[in-house]
Amino acid sequence: MTASKSTEALPGDNTNTWSGRFDEPVSELVQRYTASVGFDKRLAEYDIQGSLAHARMLAAGGIIGHHDLAAIERGLSQIRQEIQGGEFVWQLALEDVHLNIEKRLTALIGDAGKRLHTARSRNDQVATDIRLYLRASIDRIIDLIHVMQNALLHLAEQHLDTVMPGFTHLQVAQPIVFGHHLMAYFEMLKRDVERLSDCRKRVNKLPLGAAALAGTSYPVDRAMVARELGFEGVCENSLDAVSDRDFAIEFCAAAALIMTHLSRLSEELILWMSPSFGFIDLADRFCTGSSIMPQKKNPDVPELVRGKTGRVNGHLVALLTLMKAQPLAYNKDNQEDKEPLFDAVDTVTDTLRIYADMLAGIRVKHAAMREATTRGYATATDLADYLTKKGLPFREAHEAVAQAVRFAEKNNRDLSALTLPELQQFSPLIEDDIFTVLTLEGSLNSRNHIGGTAPVQVAAAIRRAREWLLRNR
Ligand code: ARG
């Protein structure tokens, strides 16, 4: 490509914007290596919104004429239609979304198109585009979390009395109700929403006006652009405005935690669906069979959620590493922020969209859950608490119950199946009121305080959760 001084760009002309400075074109490989249009074209809508707000401010301040503004508005609206209609021709030689749109604008409206970039640089432009994109993505993700939270509440409500073993070390620990277990995930997602909303505050600041790095000599009105684009304020230092990607890192950290929560739930669904547990069945539409073992029904979707968590965690590390040694201000390294960010958004979005439906399709096998709870001496703590309440120091009660469990295990019976004289061998304090204590329902109902598994408390937790959802809608 030779240096071109033409002032009138032709449609499809891919002369580089800065070509006046260069003697030789870049090789095709370098062009491909440096171009971002293949992935940043998805910022097009935000690029257009940012350009419109910038142009309106330029016209309001007399930096460009009102005729120019009208032409820019007309041209950008046509470009928007071309992009939406799939007719827009993206050119690799034009490097990125910004130059592709600007070139097309100039082809459509002539010199007015060339005036759009006054008092702006791609550095503040791209930072603005990403922030607009991420703000919209965060809003969508929060909505999807709410949908999943509703699905959890719906399921939890149906399982206020469904007994299952609560585990520690994946060993049967104490009886809980399934609704209580589900509500633990509601809490995690609640924190996820809080984190995203907090991150959104820092996303929602305007970089435009910083120009390349130092600000601009034109009398720009940054507050006007911020208002026009719905930003809550402007980035207060021009160097920081063009180089900051903290907001993307924060988002990825929040996204990694969302995936971590969904991965933990997935792990449980996988375990519970395994015939060794047999607690639940997932709807067929989330599973596949095996090409060799006819009996198999594999929980592919939860397994993939668990697997995809790795890539989102990876994106967080990728962005942290991208930023760690960059001098101020903008460096081309920053172009590498987009693919990790986009993929983190896409992965979390798709995972949440699938999850609500998957929860709705869970079939709970009550009998198996209950059976597993009775098999594991889950009420042993209740017996110890009973003895303690009768005056035995807890450590001694613990020891007495350990002996009782050993005896029951040898005889292959549950604690509640031992006779009163058998139980009394371990402590004379045991009387016949023990049998209500040793039932699963007795154990559940006794954990009757905020945060406990007693069904009345789980019902109250669900009520509070519904109120939280209403407040946070
Ligand atoms: N495509 C670039 C990016 O994503 C846009 C900014 C380019 N700025 C520059 N000075 N080369 O970061």
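Fair warning: this is a prediction, and the values are worked out from it, not measured in the lab. Every chain begins its residue count from 1, and numbering advances along the sequence as written. Restriction of local features to residues with pLDDT of at least 70 applies here, the model being predicted, together with a cutoff of 80 or more for giving and counting side-chain atom pairs; totals for whole chains, interfaces and linings are based on all residues. Remark: hydrogens and water are excluded; side-chain values derive from all non-hydrogen atoms of the structure.

A few words on unusual backbone geometry. Along the chain, Leu328 connects to Ala329 via a cis peptide bond; the corresponding omega equals 0 degrees. With respect to the helices and strands, Ala329 occurs in the loop between helix 12 (300-323) and helix 13 (338-360). In this model, His169 sits at a positive phi of 55 degrees, which is unusual for a non-glycine residue. Helix and strand definitions here come from DSSP, where helices need a minimum of 4 consecutive H or I residues and strands a minimum of 2 consecutive E residues; each element is numbered from the N-terminal end. Of note, His169 is situated in the loop between strand 1 (163-168) and strand 2 (171-177).

The next subject is the environment of Gln49. One can find Gln49 in helix 3 (residues 44-60). Buried, partly exposed and exposed residues are distinguished by accessible area as a fraction of the type maximum, computed with a 1.4 Å probe on protein chains only: under 20%, between the cut-offs, and over 50%, respectively. Overall, the relative accessible area of 27% leaves Gln49 in the partly exposed class. Through-space distance from the C-alpha of Gln49 to that of His398 is 67 Å; in sequence the pair is 349 residues apart. Contacts are assigned to residue pairs with any non-hydrogen atoms lying within 4.5 Å of each other. For Gln49, the contacting residues outside a window of four places in its chain are Arg80, Leu132 and Leu229. A polar atom in the side chain of Gln49 sits 2.9 Å from the side chain of Glu45. Polar contacts, as used here, are pairs of N or O atoms within 3.5 Å; protein pairs need one atom able to donate a hydrogen and one able to accept it. Residues neighboring in sequence count only if both atoms are side-chain atoms.

It is worth spelling out the UniProt feature "domain: Fumarate lyase N-terminal" (unreviewed entry) in the protein chain at this point. UniProt positions are given in the numbering used here, feature names are shortened, and annotations may be inferred rather than shown by experiment. Within the UniProt annotation, "domain: Fumarate lyase N-terminal" (unreviewed entry) is assigned to residues 20-314. A helix fraction of 63% and a strand fraction of 5% characterise residues 20-314, whose end C-alpha atoms lie 40 Å from each other.

This brings us to the packing of helix 11 (residues 246-273) against helix 12. Here helix 11 crosses helix 12 at 160 degrees, and the two axes come no closer than 8 Å. By the angle between their directions, the pair helix 11 and helix 12 is classed as roughly antiparallel. Here helix 11 runs over helix 12; the crossing is left-handed. A per-class count over the contact of helix 11 with helix 12 returns 16 nonpolar, 6 polar and 4 charged. Angles shown run from 0 to 180 degrees and are taken between the N-to-C directions of axes, each axis being a line fitted to C-alpha atoms and, for helices, limited to the stretch in contact. Small angles under 35 degrees read as roughly parallel and large ones over 145 as roughly antiparallel, with 65 to 115 read as roughly perpendicular and the rest as oblique. Rotating anticlockwise by less than a right angle from the far helix to the near helix defines a left-handed crossing, while the corresponding clockwise rotation defines a right-handed one. Gly falls in the polar group here, along with every residue not listed as nonpolar (Ala, Val, Leu, Ile, Met, Phe, Trp, Tyr, Cys, Pro) or charged (Asp, Glu, Lys, Arg).

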